[in-house]
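# Architecture at a glance
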Number of protein chains: 2
Amino acid sequence: MPALQQKSANKVFNGTLTKYSFPSSALGNLEANLNVFLPSSASSSSPAPVLYYLSGLTCTEDNAAQKGNFFEAAAKEGIALVFPDTSPRGAKIEGEDESYDFGSGAGFYIDATKDPWSKHYKMYTHIVSEIPAALQEAKLPIDFSCASITGHSMGGHGALTLYLKEGDKKYKSASAFSPICHPTACPWGDKAFKGYLEGGVEEGKKHDATELIAGTKGKKLNILIDSGLGDNFYQQKQLLPEDFEAAARKAGHGEDEVQVRLQDGYDHSYFFISTYAPEHVRWHAKFLKN
Amino acid sequence: MPALQQKSANKVFNGTLTKYSFPSSALGNLEANLNVFLPSSASSSSPAPVLYYLSGLTCTEDNAAQKGNFFEAAAKEGIALVFPDTSPRGAKIEGEDESYDFGSGAGFYIDATKDPWSKHYKMYTHIVSEIPAALQEAKLPIDFSCASITGHSMGGHGALTLYLKEGDKKYKSASAFSPICHPTACPWGDKAFKGYLEGGVEEGKKHDATELIAGTKGKKLNILIDSGLGDNFYQQKQLLPEDFEAAARKAGHGEDEVQVRLQDGYDHSYFFISTYAPEHVRWHAKFLKN
């Protein structure tokens, strides 16, 4: 695997935020960008646990790094943060840049199975395997065996599904801000699965958090969701957190394992994420540091 | 004075960030935008003290509201925040949009005296008088008799100079991130004063924090400055915090009145501001709430 290229570095909360790029084989050898926050406490003899943050539609690796308000709590808890991009960039597929909810900026954290998307749109493999391998090879002081995952909107769907599919061998806990909880039952998921998957929405069930949690009876889960009641996408039934919660309860998971909190007045923006980000970091720290 | 128009509102840290616009007579009747954060504790019977934040070159009223990390501390302390824009917009003066450090986005928080700028570029009056009057007329639950001021870079120059000129009848304390401290002695200030002021750099001395603090012997001051040693503009001698500190000490102000802290490794970005913003809010709270 080729070495990471450092694009920029900024000191923040006594740690360092570094932007890297590397040629991604998962993404068909396109250049992939990501941001990594290392707390000042991380060292080769004392590597930091890591929290991945998956961003939402239209975002890049930068939005949450600039506006998410994760650094103060992560610095205090001694947790590294990894912010990947939301899709391949520059695959030059027809239609790739035509809509905000499909193609560029909208990879949905799945491995596409349908041509022509399947050559480049392998965001699942990129996040789950490729990024930790690349950072590990670069000898960053991060303990990838001690990882959790969070995200917003499409990235909340990503965080929940990666956790539910990979389990605690990869991620100790999952949280989400305003996640798309039931993509096979909402317009965003319908469009994405029909576009990226040979089997369409039926195949999409494998990547649907509400479908996935139904099959977790008897497993111990650590999930926290915050979603705003003033969120227009919640009101338009793109998010459907109630479906996820009902499926979780039906599978036997109580509040101690799956918390779904609907927050009065908050919308879909980074102002909402920034309000609850510190609490999510501290919540993950309980699982990452015990 | 015409009423404020509300453009947007977002809940954040249990308070509300609202974007307003109004036709500004100080700015030659151009439409002016600003953001206002109200903590949930503010009410007509218990109005909040206020901290103004003046932004730097190229910024608008949005940058620090999105990336500055001021809300958590302000919510906790019960302090309102006002984020004005950095210049008039759309004055249609020749050359207005040609450079990042003069004209649009670069009003320098002074009242221009030179044609054609003097018709619109009256940011001093806009910030000191017009904005509080407009917000007060709109009956926002803010106690404008209890105000402090902060800012970044050009806005740090603004915060220091407004405080030093208006004194504690307007502002109880001033802080600044990476401020331009001695504009008559640096390229940014030289360009701005020659462009906006009939008397050029000589007239600019009236708007220069290092010159102004020299005349404050015997006055009690509350000033806090943070500037990064990894800041390329510091290294290029655009900021000159040492000049300000020397002038402050010469005028008899010790560390208890004027603190100038040079922070190792930090650059000029919002990552630096966000790191120290909570501490600045808490520092101002001591003066706003006693």
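In the block above lies the structure referred to throughout.
The present account deals with the structure reproduced in this document. (Residues numbered from 1 in each chain as written. Chains lettered and ligands numbered in written order. Predicted model: local features only at pLDDT ≥ 70, side-chain atom pairs only at ≥ 80, totals over all residues. Heavy atoms only, no water.)

## As for the overall build of chain A
- Within chain A one finds 10 helices and nine strands.
- In summary, chain A has a C-alpha radius of gyration of 18 Å against a globular reference of 19 Å for 290 residues, a match within 12%.
- Judged by the C-alpha coordinates and their principal axes, chain A covers about 45 × 45 × 35 Å.
- Residues counted as buried form 63% of the 290 residues belonging to chain A.
- For chain A, contacts bridging at least 24 residues in sequence account for 72% of all contacts bridging at least 6.
- As displayed, chain A has an accessible area near 10,700 Å², and 48% of this comes from carbon and sulfur atoms.
- Side-chain charges of chain A comprise 29 positive and 35 negative groups, with the mean position of each set lying 4 Å from the other. (Helix = DSSP H or I, 4+ residues; strand = E, 2+ residues; numbered from the N terminus. Rg over C-alpha atoms; globule rule 2.2 N^0.38 Å. Buried < 20%, exposed > 50% of the residue type's maximum accessible area, 1.4 Å probe, protein only. Contact = heavy atoms within 4.5 Å. Areas by Shrake-Rupley, 256 points an atom, 1.4 Å probe, with all protein chains shown as cover. Lys, Arg positive; Asp, Glu negative; His and termini not counted. Charge placed at Lys NZ, Arg CZ, Asp CG, Glu CD.)

## Things to note about the packing of helix H3 (residues 123-137) of chain B against helix H4 (residues 154-166) of chain B
Residues and elements named next belong to chain B.
- Running from N to C, H3 and H4 point in directions that differ by 65°, and their axes come no closer than 12 Å. Where H3 crosses over H4, the two elements pack in a sense that is right-handed. Listed contacts from H4 to Tyr124, Ile127 and Val128 of H3 are Leu162, Lys165 and Glu166.
- Split by residue class, the contact of H3 with H4 holds four nonpolar, no polar and two charged. (Axes fitted to C-alpha atoms, helices over the stretch in contact; angles between N-to-C directions. Left-handed = near helix turned anticlockwise from the far one by under 90°. Nonpolar A, V, L, I, M, F, W, Y, C, P; charged D, E, K, R; others polar.)

## Some words on the packing of aromatic side chains
- For the structure on display, the rule yields 36 aromatic pairs over all chains.
- Centre to centre, the rings of B:Phe71 and B:Phe83 are 6.1 Å apart; their planes meet at 75°, and the pair counts as edge-to-face. With B:Phe71 in helix H2 (residues 71-77) and B:Phe83 in strand E5 (residues 80-84), the pair connects residues that are 12 residues apart, well separated along the chain.
- Joined through ring pairs, the aromatic side chains of A:Phe37, A:Tyr53, A:Phe70, A:Phe71, A:Phe83, A:Phe177 and B:Phe271 make up one cluster. (Phe/Tyr/Trp six-rings, centres within 6.5 Å; stacked < 30°, edge-to-face > 60°.)

## Some remarks on the relation of the copies chain B and chain A
- Least-squares fitting of chain B to chain A yields an RMSD of 0.0 Å, with the superposition described by an axial translation of 0.0 Å and a rotation of 180°. Each copy turns onto its partner about a two-fold axis. Closest approach to the rotation axis within chain B is made by the C-alpha atom of B:Lys67, at a distance of 2.5 Å.
- In this assembly the copies share their binding face: 100% of the residues contributing to the interface of chain B also contribute to that of chain A. (Least-squares fit on C-alpha atoms with pLDDT ≥ 70 in both.)

## Focus on the pattern of salt bridges
Residues and elements named next belong to chain A.
- Using the criterion set out here, one finds 24 salt bridges over all chains in the structure.
- A salt bridge links Lys191 to Asp101; the nearest nitrogen and oxygen atoms lie 2.7 Å apart. Of this pair, Lys191 sits in helix H5 (residues 187-196) while Asp101 sits in the loop between strand E5 (80-84) and helix H3 (123-137), placing them 90 residues apart in sequence.
- By relative accessible area, which is 35% here, Lys191 ends up partly exposed.
- For the salt bridge of Glu202 with Lys205, the shortest nitrogen-to-oxygen distance reads 3.2 Å.
- Overall, the relative accessible area of 55% leaves Glu202 in the exposed class. (Salt bridge = Lys/Arg side-chain N within 4 Å of Asp/Glu carboxyl O.)

## Focus: the side chain of A:Asp85
Residues and elements named next belong to chain A.
- When you line up the elements, Asp85 lands in the loop between E5 and H3.
- Within the local environment of Asp85, its side chain forms a polar contact with the side chain of Arg89, the two groups lying 2.8 Å apart.
- Apart from residues lying up to four places away in sequence, Asp85 is in contact with Asn33, Cys59, Thr60, Glu61, Tyr109 and Met123. (Polar contact = N/O pair within 3.5 Å; in protein donor to acceptor, adjacent residues only side chain to side chain.)

## Thoughts on the nonpolar core
Residue and element names in this part refer to chain B.
- Among the nonpolar cores identified, the biggest contains 71 residues, and Phe108, Tyr196, Ile223 and Phe244 are the most heavily contacted of them.
- In terms of residue count, the dominant contributor to this core is H3 (seven residues).
- Excluding residues that lie within four positions of it along the chain, Ile223 makes contacts with Leu160, Tyr163, Leu164, Ala174, Ile213, Phe244, Glu257, Val258, Gln259 and Trp283. (Core = buried A, V, L, I, M, F, W, Y, C linked by side-chain atoms within 4.5 Å.)

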